[in-house]
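# What the coordinates show
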Amino acid sequence: MDARHAASGRAAADSAPAVADAARRRSPGRLSVAAVVLAALALVAAGDCRLPLSATRPAGDSAAAAESPRRANPAASPRAPLPRAARLDPLLEALEARTFQWFWDTADPATGLVPDRWPTRNFSSVAAIGFGLASYTIGAERGYVTRAAAAARTRATLEYLLNLPQGPQSTGVAGYKGFFYHFLKFSDGTRFASDVELSTIDTALLVAGALAAKEYFDGDAADERAIGAAADALYGRGEWGWARPRPPLISMGWTPENGFHPLDWKGYNEGMILYILALGSPTHAIAGDAWTTYTATYDWAPFHGYEMVNFGPLFGHQYSHVFVDFRGIRDGYMQGKGIDYFENSRRAVYSQRAYAIANPGNFKGYGADLWGLTACDGPNDGAHPDVDGNVRSFMTYGARAAAANELRDDGTIAPTAAAGSLPFAPEIVLPALRSMVRRGTAGAFTRYGFVDAFNLTYGPADPPAMGRYVAGVGWFDTDYLGIDQGPIVAMIENHRSGLLWSLCRRDAYIVTGLRRAGFSGGWLDAAP
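For the structure given in this document, a descriptive report is provided here.

Cut-off values and rules
Residues numbered from 1 in each chain as written. Predicted model: local features only at pLDDT ≥ 70, side-chain atom pairs only at ≥ 80, totals over all residues. Heavy atoms only, no water. Pairing = 2+ DSSP bridges. Helix = DSSP H or I, 4+ residues; strand = E, 2+ residues; numbered from the N terminus. Phe/Tyr/Trp six-rings, centres within 6.5 Å; stacked < 30°, edge-to-face > 60°. Buried < 20%, exposed > 50% of the residue type's maximum accessible area, 1.4 Å probe, protein only. Axes fitted to C-alpha atoms, helices over the stretch in contact; angles between N-to-C directions. Parallel < 35°, antiparallel > 145°, perpendicular 65-115°, else oblique. Left-handed = near helix turned anticlockwise from the far one by under 90°. Contact = heavy atoms within 4.5 Å. Salt bridge = Lys/Arg side-chain N within 4 Å of Asp/Glu carboxyl O. Polar contact = N/O pair within 3.5 Å; in protein donor to acceptor, adjacent residues only side chain to side chain. Expected span 1.5 Å × (residues − 1).

A separate point is the sheet that holds strand S20 (residues 454-455). Taken together, four strands build an open sheet; the order of strands is S17-S20-S22-S21 and the sheet is antiparallel. At either end of the open sheet lies a strand with only one pairing partner, and these are strand S17 (412-413) and strand S21 (468-470). Where S17 lies against S20, two bridges are found, and the strand directions are antiparallel. By the bridge assignment, Thr412 is partnered in S20 with Asn455.

The following block contains the structure:
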């Protein structure tokens, strides 16, 4: 660092507290997103993102507790105000604020429809709407927006979805039997195209976000009362039994043209939240044998030194954990293994890091502080020269994976793979995120946090099919994806305060679903 950069860094560090203080004076007890990001980036510019891990743990957690996922949690109880740390890790502060702002800015404020991706904006993703609903609780709790504004947006979203037409027709409807099509038109909220399926998992993620919002917005204001009624109605009309053409498992989807998808939700994957909601439904609950059948298809095996239930892309180890606190609770399968699902996800994260350190594919940049494979965008499809002139196979959008039962890698790193795993292993996730910002990969951290993906192996010879190539560095996406932004903002907040976990711990439907699946122990035994 030359003298000019050193001087500007010191000035930035000195100005950061002043920025935060000024923001508090304008709005006591509340920091705007802009003020949070400005102060955080001032500290990052100063090189001050080396805070000890304890600075980003929820108050009261010791280092030992944070690294022991088997500890039991207290019973669900009314939320206390979040502790305000004197200074949080500046990168996490900026990342959470920027990622929340993506949902707030890109969602249609009148309908609540969240884009599948942005700035490319073709259609709305139902799962992204669910993550958006969860993010509004975080925005209100953190003071990024007022509680009233977040409640109004949430109510508008839920009531718009409830009023969309449903039916067996192939066009002009948003869903059928209480389920929604995977992608919806921005113009009228109906099915986007004839190849878009009625999606059980995307509907489940929407419902999970709605239930979290219902538990958060529990006040007497008109908007908050309406949120509870709308969330219950949205959840209650889902006919889970209908979605089982091959009982007891639930089908992945349905179309008017071809009927049910030939595949069912078998473990292990993001389908956990789907089965928990289907089991807990107050109107169309399925029987508990669905869960035991689901877990009977698990693949327990070692991968790079870690034994676990395998699933290659990290999103499968994250999505259900966004909402459900699996720490200290176990079903019959995990009782037999002596761990819980939180620990299983922790092992998956560590195994992916170990894979990156081994780097059997010899991809550029892979190592202890640069890792993370999941479903994401990529530079191109087919064979193309890498930075050394060697021809390799690449993908555009696809599920990158590293597990005992699945390996699919083209050198593309998705920041959500690490950031969405923050609660599982903060001691390795934070260094990875800092590395993504500080190295040549700084182009990945932009206006709304991290772009969806980057690849340091892809070469300059062939123009990428999407994104951009930065000379001397590598390929960078130019889009943000809603289903990848969601775990980032949610899991940062769960790591810091456990907000979404605490909300879902007190939701009677989720508690019922967990118990019907055979879970017990920890906070679940103490829940009403």
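To continue, consider the packing of aromatic side chains. For the structure on display, the rule yields 40 aromatic pairs. Ring centres of Tyr268 and Tyr298 lie 5.6 Å apart, and the angle between their planes is 90 degrees; on these two criteria the pair is classed as edge-to-face. With Tyr268 in the loop between strand S8 (259-260) and helix H9 (271-280) and Tyr298 in the loop between helix H10 (289-295) and strand S9 (300-303), this pair connects stretches of sequence that are 30 residues apart. Accessibility expressed as a relative area gives 3% for Tyr268, which makes it buried. A residue is classified by how much of its surface remains accessible, and Tyr298, at 10% relative accessible area, is buried. Through a chain of ring-to-ring contacts, three or more aromatic side chains come together here, namely Tyr268, Tyr275, Trp291, Tyr294, Tyr298, Phe326, Tyr333, Tyr341 and Phe519.

Here we take up the packing of helix H7 (residues 200-216) against helix H8 (residues 222-236). Helix packing geometry: the angle between the two helix axes and the distance between the axes. Viewed as axis vectors pointing N to C, H7 and H8 meet at an angle of 155 degrees, and their least axial separation amounts to 9 Å. As the angle between them shows, H7 and H8 are arranged roughly antiparallel. Crossing handedness for the pair H7 and H8: left-handed. Of H8, the residues touching H7 (which contributes Leu206, Val207, Ala210, Leu211, Ala213 and Lys214) are Ile227, Gly228, Ala231, Asp232, Leu234 and Tyr235.

Here we come to the pattern of salt bridges. Applying the stated rule across the entire model yields 27 salt bridges. Arg496 is the partner of Glu96 in a salt bridge, and the nearest nitrogen-oxygen pair spans 2.5 Å. Here the residue Glu96 occupies a position in helix H4 (residues 90-106), and Arg496 occupies one in helix H16 (residues 482-496), the gap between them amounting to 400 residues. Across the pair Arg392 and Asp386 runs a salt bridge, and its minimum N-O distance is 2.9 Å. Among the charged side chains, a salt-bridge network with shared partners connects Arg147, Lys214, Glu215, Asp218, Glu224, Asp232, Arg506 and Asp507.

It is worth spelling out the sheet that holds strand S7 (residues 253-255) at this point. A sheet is described by the order of its strands in space; here five strands give the open sequence S3-S4-S6-S7-S8, paired in antiparallel fashion. Every other strand in the sheet has two partners, leaving strand S3 (175-176) and S8 as the edge strands with one partner each. Sheet topology places S3 next to strand S4 (residues 179-181); two bridges connect them, and they run antiparallel. Within S4, the residue paired with Gly175 across the bridge is Phe180.

With that settled, consider the environment of Asp264. Tracing the sequence through the fold places Asp264 in the loop between S8 and H9. Between the C-alpha atom of Asp264 and that of Gly253, which follows or precedes it by 11 residues, the distance is 8.3 Å. When sequence neighbours within four positions are dropped, the list of residues in contact with Asp264 reads Arg246, Leu249, Ile250, Ser251 and Met252. A polar atom in the side chain of Asp264 sits 2.8 Å from the side chain of Arg246.

Looking now at unusual backbone geometry. Omega for the bond connecting Trp118 with Pro119 falls within 30 degrees of zero, at 10 degrees, which places this linkage in the cis form. Of note in this structure, Lys177 is not a glycine but carries a positive phi near 55 degrees. As for its placement among the helices and strands, Lys177 is situated in the loop between S3 and S4. Residues other than glycine seldom take positive phi values, yet Asn362 does so here, at roughly 55 degrees.

Turning next to helix H18 (residues 508-516). The complete set of buried residues in H18 reads Tyr509, Ile510, Val511, Gly513 and Leu514. Of the surrounding secondary structure, the elements contacted by the buried residues of H18 are H7, H8, H9, helix H17 (499-505) and helix H19 (522-526). Count one or two residues on from H18 and you reach Gly518, which has phi positive near 95 degrees.

In this section: helix H13 (residues 341-358). Over its 18 residues, H13 extends 25 Å from the first C-alpha to the last, a length consistent with the 26 Å expected when each residue adds 1.5 Å. Across the 18 residues of H13, 15 count as buried, placing the element largely inside the fold. The opening residue of H13 is Asp340, an N-cap whose side-chain oxygen sits 3.2 Å from the backbone nitrogen of Phe342. One or two steps after H13, the chain reaches Asn359, where phi turns positive at roughly 50 degrees.

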